[in-house]
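# Structural features, examined
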Amino acid sequence: MLSQKILTLDLGTSSVRVSLSLQKGDKYHFYIKTAPSRGVKNGNIVNLASAKESLRSALNSLKLESPVALPNEAYVLVPGGCTLGYQVEATIEFPGIKTISHNDVNVVKNKAKDELLRIKGQTVKSYYEVIHVVPQEFIVDSVDGIQNPIGRSGRKLTMKAFIVLASRSHVKTLEDLLKELNLKLKGVVLQSFASSFGIRSQNSYFNNNLLLYMGAGNTEFMYFREDKPVLSKHLPFGSEDIMEFLIKKLKVSRTEAERLYREHGSAYAFNVSKEEVIHINYGSKTLKAPKILIPALIHLKLKEVFKDIKSLLSEENPDYLENLSGVYLTGGLSKLKDIDTLAEKIFKAPVTVPPLSHPEVSDVALSPLVGVTDYIVSLSDRKKLSDIREDLTRSYERGGGFFASVWRFITDII
Ligand SMILES: Nc1ncnc2c1ncn2[C@@H]1O[C@H](COP(=O)(O)OP(=O)(O)O)[C@@H](O)[C@H]1O
Ligand SMILES: [Mg+2]
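This one's a predicted model, so the numbers in the text were calculated from it and none came from an experiment. (Residues numbered from 1 in each chain as written. Chains lettered and ligands numbered in written order. Predicted model: local features only at pLDDT ≥ 70, side-chain atom pairs only at ≥ 80, totals over all residues.)

### Regarding the overall build of the protein
Basically, it comes down to this: Where helices and strands are cited, they refer to DSSP runs of H or I of at least four residues and of E of at least two residues respectively, numbered from the N terminus. As defined in this context, the radius of gyration uses C-alpha atoms, and a globule is described by 2.2 Å times the residue total to the power 0.38. Whether a residue is buried, exposed or partly exposed follows from its count of other C-beta atoms within 10 Å of its own C-beta, namely 20 or more, 12 or fewer, or something in between, respectively; the C-beta atoms are built from the backbone. Any two residues are considered in contact once their C-beta atoms, placed from the backbone, lie within 7 Å.
Secondary structure assignment for the protein yields eleven helices and 18 strands. Expected size for 414 residues packed as a compact globule is a radius of gyration near 22 Å; at 23 Å, the protein falls within 12% of this value. If you line up the protein on its principal axes, its C-alpha atoms span 85 × 50 × 45 Å. For the protein, the residues scored as buried account for 39% of the 414 residues in total. Sequence separation of at least 24 residues holds for 67% of the intrachain contacts in the protein that already meet a minimum separation of 6.

Given below as structure tokens:
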């Protein structure tokens, strides 16, 4: 079998990262390179020329290290701020009992998409395009919880799904950006959704779990039930906002705020000694201050954000918070000291910063990048349909050995 190579690009607010994953047997080996990000703010590309240079520089280092030529097409992560997510349901009925084929799944999926765009109206339809159709379950007649209905028989097929839409202009910008670097945009993947793959282990099953991705420019979250997303939201908040808050409150320079954050940063002020004293530099002057000041300011800001997330969750469905069984925290900001402790106090549920699905990569800021590879691999799983972004092809029909395929071949031509 041809071994896969997957090129993924992440245009983050703090860093631009590129990853090449090479298949070796049933494992993937990762080559990851980073460059400081220019021209990206809150996940949005605000200066195309600078973003291009950052990306070019990361790609050039990757080319030097990669043992193979880079693919000429790439997947790109999209930040939550450029997307919308909705739950949908659609049903199709057959004239009699019928064996469900890949085409029936396409019909029900397209019906769900059309229905959603009709309900959301012309504005959403003109400004957004569908990037993920994640089936939550299929129902054939009265049997529910089906992961892949192809090959089952029934009179009626229902699909419940979570649909993610991305801003057309953002996707177009990415396409243009890649074109200038001689790359084709193979697909886009929602950052938080990719992260959910990037933190999975073989036995992961997300049920009443909140996935929280916190980066430099934005916070995204996804709620999972029965291992499927049911909600996706974002807040334009990241470690950059913490930095700006420190600069404003302490009236220090950017460099000094960064130093204070790096040396004394912590999310849970109650774990910090009240007596310890630190020095804050103001140009040529230095002032003494209690060390707890820095964590207290960060604590305050993060508490607000976690509370906002809670409100957004309960606005959508109060059960999400009441049944919350655990929070997975990922992204660069999840490396902040005691952020899990603070999150635990506010969400009143266990909070973990899980390791990545590929242990050879240890930086949790890379969960979306690594996750794209797992996501792509999941697309060829025939037992469950993890995303139907494009119409399924015949290869999705369940395998059933040689005779089944011969039979399918015959039924196709007659
Ligand atoms: N060890 C750490 N402690 C606290 N914060 C950290 C640490 N490492 C990284 N960060 C924060 O994470 C941010 C980067 O997060 P990341 O998810 O890479 O963001 P983006 O994808 O938006 O560039 C940095 O700007 C920094 O503030
Ligand atoms: Mg990011």
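### Overview of helix H9 (residues 339–347)
Threshold: Here the arc refers to the directions that run from the helix axis out to each C-beta atom.
For H9, the complete set of buried residues consists of Ile-339, Leu-342, Ala-343 and Phe-347. Along the axis of H9, the buried residues cluster in a sector spanning 115°; they form a single face. Among the structural elements, helix H7 (293–316), strand E17 (326–330) and strand E18 (351–352) are those in contact with the buried residues of H9. Downstream of H9 by one or two residues, Lys-348 has phi in the positive range, about 55°.

### Description of the pairing of strand E1 (residues 5–11)
Across a regular strand the side chains alternate sides, sitting on one face of the sheet and then on the other. We apply this condition: At least two bridges found by DSSP between two strands are what make those strands a pair.
When you tally the buried positions in E1, you get six out of seven residues, the bulk of the element. As paired elements, E1 and strand E2 (residues 15–24) share seven bridges and run antiparallel to each other. In the strand pairing of E2, Leu-9 is matched with Val-18. Counting the residues that bridge the hairpin from E1 to E2 gives three residues.

### Digging into the nonpolar core
Formally: For this analysis, nonpolar core means a set of buried Ala, Val, Leu, Ile, Met, Phe, Trp, Tyr and Cys residues linked through C-beta atoms within 7 Å.
The biggest cluster of nonpolar side chains holds 99 residues, and the ones touching the most others in it are Val-189, Leu-212 and Val-372. Excluding its chain neighbours within four sequence positions, the residues that come into contact with Leu-212 are Thr-219, Phe-221, Val-327, Tyr-328 and Leu-329.

### Comments concerning unusual backbone geometry
The backbone of Asn-208 sits at a positive phi, close to 55°, despite the residue not being glycine. Mapping Asn-208 onto the fold places it in the loop between helix H4 (191–198) and strand E12 (209–214). In this structure Asn-208 comes out as partly exposed when scored by C-beta crowding, with 18 C-beta atoms within 10 Å. Of note, the phi angle at Lys-348 is positive, near 55°, even though the residue is not glycine. Among the secondary structure elements, Lys-348 is positioned in the loop between H9 and E18.

### Section: the site of ligand 1
For clarity, the threshold we go by: In this analysis a residue is considered near a molecule or strand if the C-beta atom, reconstructed from its backbone, is found within 6 Å of that molecule or strand. Here the term charged refers only to Asp, Glu, Lys and Arg, the term nonpolar to Ala, Val, Leu, Ile, Met, Phe, Trp, Tyr, Cys and Pro, and the term polar to all other amino acids, Gly among them.
Neighbouring residues of ligand 1: 17 residues in total, closest Gly-12, Ser-14, Gly-215, Ser-239 and Gly-332. Of the residues belonging to the shell around ligand 1, the class tally is four nonpolar, twelve polar and one charged.

### Describing the sheet that holds strand E3 (residues 27–36)
Short version of the rule: Note on method: axes are straight lines fitted to C-alpha atoms, helices fitted across the in-contact stretch only, with angles between N-to-C directions ranging 0 to 180 degrees.
An order of E3-E2-E1-E6-E11 is seen for the five strands of this open sheet, with the pairing classed as mixed. The sheet terminates laterally at E3 and strand E11 (184–190), the two strands that pair on one side only. For this sheet, the mean inter-axis angle between neighbouring strands, taken without regard to orientation, is 25°. In this structure, strand E6 (residues 73–78) lies alongside E11, joined through six bridges in parallel fashion. Across the sheet, the residue bridging to Tyr-75 is Gly-187, located in E11. Strands in contact with helix H3 (residues 168–180) are E6 and E11; relative to E11, the strand with the most contacts, it is inclined by about 140°. Against the sheet, helix H10 (residues 367–378) contacts E1, E2, E3, E6 and E11, and its axis sits at roughly 140° relative to E1.

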